[in-house]
Amino acid sequence: MKILFLTYHGFDPASGISKKMLAQIKGLRENGHEVHVCSYDRNAEGHLCRFVDDRAIQDYGTGVRAALRQRADYGCIYDYCVKAGIEMVYARSYMNATPPLVSFFRRLKKAGVRSVMEIPTYPYDQEFDGYDWNQRMRLRVDKLFRRQLAAQMEAIVTFSDEEQIFGQRTIRISNGVDLDAIPLLTTRHDTSQQIHIIAVAEVHSWHGFDRFIHGLGEYYRKHEGQPRRDVFFHIVGKVWPAEMEGSDVAPGYAPYIREYGIERYVKFHDKLFGEALDEVFNHCSFAVGSLARHRSGITVIKTLKNREYACRGIPFIYSEQDSDFDHQPYILKAPADESPIDIDAVLHFIDHFNISPQDIRRTVEHLSWKNQMEKVVEELGIRS
């Protein structure tokens, strides 16, 4: 089957989102489908363009007018789909429902092209809390038109347990893993003197890393003047000022770090990928997933990061409900509230942990993107 994978932005090699989409595309291809990729980015001359694979199908030019044009002009994608014989469009939602986008998918539907839309997190309205005026206005427009947009789809792809979203039926899958792209941990560490713990994310308030930093501060305060192990927390990913200094959504990282004087124990690495990321992982014995999905109104979600941690073979902590991991022995569950993480409990878990990275990885082999993406196609009753 000929599939167009549609995203409304470009690809960044350091972005977990980009790596996920590339793995989804690979998964579709591994099932025998012919997949082309439509993205929006700048060309070598700096012009804003719509691309299919490496070819620009529309050059919008530069400046504000070009940016506005691309938000209203989807005709080039429609023309491509019809001429190329595309049978299915897999679109990744950008919370960007608008009348032109509704019209585009309505035209595709009339032309016999079937479409599904992936909503990465649901519900997502509270994720916009604390954002600037432009982002909040984008959400308001999306609220007006998202049910109309969903009506043009065959289904909504979700990583939640919702059976309907915006009045449309769902296809419920898990976030997947690309076993070929994620290396297994290679180092076992002596944790008797110090322990290194890692969190990797495109950092937002719902990751709740402030809870871990708060807990780290309480750990050092509690054990001041006593024998203790040094615990280091490595945060890999861009941390915005609102996360560092705090907002109306969440406490800031920096105030806790200053209050407890733990500057040397919290390490910020910015975005890393490839060998640089592997090197940090190989210094660590434990990982941190999301600790505050409740801040965005989410109880059940199958996050990509949990699966990537398991694929690497590292134990980890998180607070949401995830049926793929909730009962696994390499998981430590945190309460879904604002309490600081109990670092002594984390250390006790690590001290009594004896599952090999290989055994952890085996538990997620069935979550390959090849298997997850074929579920979408099979639910639509389409065969390659």
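Everything that follows concerns the structure shown earlier in this document.
Residues numbered from 1 in each chain as written. Predicted model: local features only at pLDDT ≥ 70, side-chain atom pairs only at ≥ 80, totals over all residues. Heavy atoms only, no water.

Moving on to the packing of aromatic side chains. Working definition: an aromatic ring pair is given by the centre-to-centre distance plus the angle between the planes. This structure, assessed with the given rule, holds 20 aromatic pairs. Plain terms: the ring middles of Tyr-309 and Phe-316 are 5.6 Å apart, the flat faces sit at 50 degrees to each other, and that makes the pair tilted. The two residues Tyr-309 and Phe-316 agree in class, both being buried. Cluster of aromatic residues (ring-pair linked, three or more members): Phe-281, Tyr-309, Phe-316, Tyr-318, Phe-325 and Tyr-330. The ring of Tyr-94 carries Arg-138 above its face, with NZ or CZ at 4.9 Å from the centroid. The ring of Trp-240 has Lys-238 sitting right over it, with the charged end atom 4.8 Å from the ring centre. (Phe/Tyr/Trp six-rings, centres within 6.5 Å; stacked < 30°, edge-to-face > 60°. Buried < 20%, exposed > 50% of the residue type's maximum accessible area, 1.4 Å probe, protein only. Lys NZ or Arg CZ within 6 Å of the ring centre and 35° of its normal.)

This part covers the packing of helix H6 (residues 209-222) against helix H11 (residues 343-351). The interhelical angle for the contact between H6 and H11, taken along N-to-C directions, is 90 degrees, at an axis separation of 8 Å. Considered as vectors, H6 and H11 are oriented roughly perpendicular to each other. Between H6 and H11, the residues in contact are Phe-212, Gly-215, Leu-216, Tyr-219 and Lys-222 and Ile-343, Asp-344, Val-346 and Leu-347, respectively. Here the contact of H6 with H11 is built from residues that sort into six nonpolar, one polar and two charged. (Axes fitted to C-alpha atoms, helices over the stretch in contact; angles between N-to-C directions. Helix = DSSP H or I, 4+ residues; strand = E, 2+ residues; numbered from the N terminus. Parallel < 35°, antiparallel > 145°, perpendicular 65-115°, else oblique. Contact = heavy atoms within 4.5 Å. Nonpolar A, V, L, I, M, F, W, Y, C, P; charged D, E, K, R; others polar.)

Another aspect to go through is unusual backbone geometry. With an omega dihedral of -5 degrees, the bond running from Tyr-122 to Pro-123 counts as a cis peptide bond. One can find Pro-123 in the loop between strand S6 (114-119) and helix H5 (133-151). For Phe-166, which is not glycine, the phi dihedral falls at a positive 55 degrees. With a phi close to 60 degrees, Asp-270 is a non-glycine residue in the positive phi region.

As a further point, take the side chain of Gln-152. Turning to its location among the elements, Gln-152 is positioned in the loop between H5 and strand S7 (155-158). Since its relative accessible area comes to 11%, Gln-152 is described here as buried. A polar contact is formed between the side chain of Gln-152 and the backbone oxygen of Gln-148, at a distance of 3.2 Å. Those residues in contact with Gln-152 that lie beyond four places of it in its chain are Val-102, Phe-105, Arg-106 and Lys-109. (Polar contact = N/O pair within 3.5 Å; in protein donor to acceptor, adjacent residues only side chain to side chain.)

Let us look at the sheet that holds strand S13 (residues 286-288). Taken in spatial order, the six strands make up an open sheet running S12-S11-S10-S13-S14-S15, and their pairing is parallel. The open sheet is flanked by strand S12 (266-268) and strand S15 (331-333), the only strands paired with a single partner. The average angle at which neighbouring strand axes cross in this sheet is 25 degrees, direction not considered. Both strand S10 (residues 194-200) and strand S11 (residues 230-236) contribute to a ladder of seven bridges, which runs parallel. Counted as the bridge partner of Gln-194 is Asp-230 from S11. H6 contacts S10, S11, S12 and S13 of the sheet and is inclined by roughly 165 degrees relative to S11. (Pairing = 2+ DSSP bridges.)

Between H6 and helix H8 (residues 253-260), the shortest axis-to-axis distance is 9 Å and the interhelical angle comes to 5 degrees. Viewed along their axes, H6 and H8 adopt a mutual orientation that is roughly parallel. Mapping the contact onto sequence places Phe-209, Asp-210, Ile-213, His-214, Gly-217, Glu-218 and Arg-221 in H6 and Tyr-253, Tyr-256, Ile-257, Glu-259 and Tyr-260 in H8. Taken together, the residues of the contact of H6 with H8 break down into six nonpolar, two polar and four charged.

Let us look at the side chain of Asp-142. Mapped onto the fold, Asp-142 is located in helix H5. Polar contacts involving the side chain of Asp-142 include one to the side chain of Tyr-124, which spans 2.6 Å. Residues within four places of Asp-142 in sequence aside, it is in contact with Met-95, Asn-96, Ala-97 and Tyr-124.

Right, let's talk about the pairing of S6 for a bit. The element S6 is extensively covered by neighbouring structure, given that five of its six residues are classed as buried. Inspection of the sheet shows strand S5 (residues 88-92) paired to S6 by five bridges, in the parallel sense. Counted as the bridge partner of Met-88 is Arg-114 from S6. Once you follow S5 into helix H4 (residues 99-110) and on to S6, the crossover reads as right-handed. Looking at chain direction, S6 and S7 are connected through four bridges and run parallel. Across the sheet, the residue bridging to Val-116 is Ala-155, located in S7. Viewed along the sheet, the connection from S6 through H5 into S7 turns out right-handed. (Right-handed = clockwise from strand over helix to strand, strands pointing away.)

Summed over the entire model, instances satisfying the criterion amount to 27 salt bridges. With its nearest N and O atoms 2.6 Å apart, the salt bridge here joins Arg-295 to Glu-338. Pair noted here: Arg-295 is in the loop between S13 and helix H10 (304-312) and Glu-338 is in the loop between S15 and H11, with a separation of 43 residues, a long-range link. A residue is classified by how much of its surface remains accessible, and Arg-295, at 10% relative accessible area, is buried. For Glu-338, a relative accessible area of 42% gives the class partly exposed. Among the ionic contacts, a cluster of salt bridges with common partners joins Asp-125, Asp-142, Lys-143 and Arg-146. (Salt bridge = Lys/Arg side-chain N within 4 Å of Asp/Glu carboxyl O.)

Here we come to the sheet that holds S5. Overall, mixed pairing links the nine strands, which are arranged S4-S3-S2-S1-S5-S6-S7-S9-S8 in an open sheet. In this open sheet, the two edge strands, each paired with only one partner strand, are strand S4 (55-61) and strand S8 (164-165). Relative to strand S9 (residues 168-172), S8 runs antiparallel, the two sharing two bridges. Each bridged residue has a counterpart across the sheet, and for Gln-164 the counterpart in S9 is Arg-169.

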